Amino acid sequence: MAKRLEQEPDFRVLRRLVPIMDFGPAPPASVSAQPSSGVRRVLVLDTETTGLSHQVDKIIELAMLLVDV
């Protein structure tokens, strides 16, 4: 059914993505542990919802990425 829907211009088929868990080497502990180093850990959060009302709409996609900047 998904293959058939993909051929129609009025539909878009979304597939579940496999999360990427390897984001490369972590910064040295000596750098990220020191507040004076300027390195900060930040969580980037992205949400997709069915609308703007928290009472009736749902979260349909949630993405989080922890980065050192």
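First, a word on scope: everything that follows refers to the structure included in this document. None of these values were measured; they are calculated from a predicted model. (Residues numbered from 1 in each chain as written. Predicted model: local features only at pLDDT ≥ 70, side-chain atom pairs only at ≥ 80, totals over all residues. Heavy atoms only, no water.)

Across its full length, the chain carries two helices and two strands. For the chain, the succession of helices and strands along the chain, N to C, is α-α-β-β. Looking at the chain as a whole, 1% of its 69 residues are labelled buried. By element, 59% of the accessible surface of the chain is carried by carbon and sulfur atoms, the whole surface being about 6,800 Å². (Helix = DSSP H or I, 4+ residues; strand = E, 2+ residues; numbered from the N terminus. Buried < 20%, exposed > 50% of the residue type's maximum accessible area, 1.4 Å probe, protein only. Areas by Shrake-Rupley, 256 points an atom, 1.4 Å probe, with all protein chains shown as cover.)

For the rest of this paragraph, the subject is the pattern of salt bridges. Taken as a whole, this structure holds two salt bridges when the rule is applied. Linking Asp-68 and Arg-41 is a salt bridge whose minimum nitrogen-to-oxygen distance equals 3.0 Å. Taken together, the residues span a long stretch of sequence, with Asp-68 in strand β2 (residues 59-68) and Arg-41 in strand β1 (residues 41-49) at a distance of 27 residues. Judged by relative accessible area, Asp-68 falls into the partly exposed class, the value being 28%. (Salt bridge = Lys/Arg side-chain N within 4 Å of Asp/Glu carboxyl O.)

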